[in-house]
Amino acid sequence: MRKLAASLLALAPVLALAADWNIDPAHTQTSFAVRHLVISTVRGEFGKTSGTIHLDDSDLTRSSVEATIDAATVSTRNPDRDAHLRSPDFFDVARYPTVTFRSTKVEKAAAGALEVTGDLTLRGVTRPVTLHVALSPEVKGMGGETRRGFSATTRINRQDYGLRWSKMVEAGPVAGDEVTISLDVEAVREQPKAASN
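One structure accompanies this document, and this report is about it. If you're wondering where the values come from, they're calculated on a predicted model, not measured in any experiment.

A few words on the side chain of Ser103. In this structure, Ser103 sits in strand S7 (residues 98-108). Overall, the relative accessible area of 14% leaves Ser103 in the buried class. For Ser103, the side chain forms a polar contact with the main-chain nitrogen of Val65, separated by 2.8 Å. Excluding its chain neighbours within four sequence positions, the residues that come into contact with Ser103 are Ser64, Val65, Val116, Thr117 and Gly118.

The following block contains the structure:
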């Protein structure tokens, strides 16, 4: 019995290093930037991102991420442009209401950052992307819950996902093909479920 107790005590710090985190939509921002008329950058965001993060600090390669973005919440602070983005020319939210990401590989990068590779599904098309991720330390929230921040960036070509609408003017294309995606995620650590007697 003593050996079992000692083994469990020895494992406790290791087990504590692996945890599940729920993305807090109220404190998470998913944004994008794309060139407009070659001369400026239009920025927008999605109003709701949810999902879960399994983070294993003892072996980060065992970590994983699943996230869902509500495509209908796209906003560029211009109602006409936002309506166009929701239309079949772009996100076609009536047919494809969500954008999803599911990780397939997590690797350590420089300065404690991570490279998270996974499948991004946008407008019914799934392609691999790699997110460059920085992690914050854990902090306590106002209710005593444990929170942690994750900042991620990646770039995609919108043409690869069927967002092919384009119009040429004298300066060039109205919308560029390369899109920079940025995520500022705040997640809440799941509490271990109490064992039933």
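A few words on unusual backbone geometry. Even without being a glycine, Asp92 presents a positive backbone phi close to 50 degrees. Tracing the chain through its elements places Asp92 in the loop between helix H2 (79-86) and S7. By relative accessible area, Asp92 is classed as buried at 5%. Its identity is not glycine, yet Ala111 carries a phi of approximately 55 degrees, on the positive side. When you line up the elements, Ala111 lands in the loop between S7 and strand S8 (114-122).

Roughly 900 Å³ of internal volume is contained in the largest pocket. Lining the largest pocket we find 48 residues, and of these Phe32, Phe46, Phe91, Val179 and Ile181 sit closest to its centre. Split by residue class, the lining of the largest pocket holds 34 nonpolar, eleven polar and three charged.

What counts, and at which threshold
The numbers attached to residues start from 1 for each chain and follow its sequence in the written order. Only residues with pLDDT of at least 70 are given local features in this predicted model, and only at 80 or more are side-chain atom pairs given and counted; all residues enter the totals for whole chains, interfaces and linings. With hydrogens and water excluded, all non-hydrogen atoms of the structure serve as input to the side-chain values. Elements are defined by DSSP. Helices are runs of H or I of four residues or more, strands are runs of E of two residues or more, and each kind is numbered from the N terminus. Here the term buried applies to any residue with accessible area under 20% of the maximum for its type, exposed to any over 50%, and partly exposed to those in between, with areas from a 1.4 Å probe on protein chains only. In the analysis that follows, any N or O atom pair within 3.5 Å is treated as a polar contact, provided that within protein one partner can donate a hydrogen and the other can accept it, and provided that, for residues neighboring in sequence, both atoms belong to side chains. Two residues qualify as a contact provided that any one of their heavy atoms is within 4.5 Å of a heavy atom in the partner residue. A pocket here means an open set of points on a 1 Å grid, computed over the protein atoms alone, that has protein on both sides within 12 Å along at least five of seven lines. A cavity is instead a set of points where a 1.4 Å probe fits but cannot get out; residues with an atom within 4 Å of a point line either one. Grid points are joined across faces, edges and corners, and a volume is the space filled by probe spheres set on the points. Under the scheme applied here, ten amino acids are nonpolar (Ala, Val, Leu, Ile, Met, Phe, Trp, Tyr, Cys and Pro), four are charged (Asp, Glu, Lys and Arg), and all others, including Gly, are polar.

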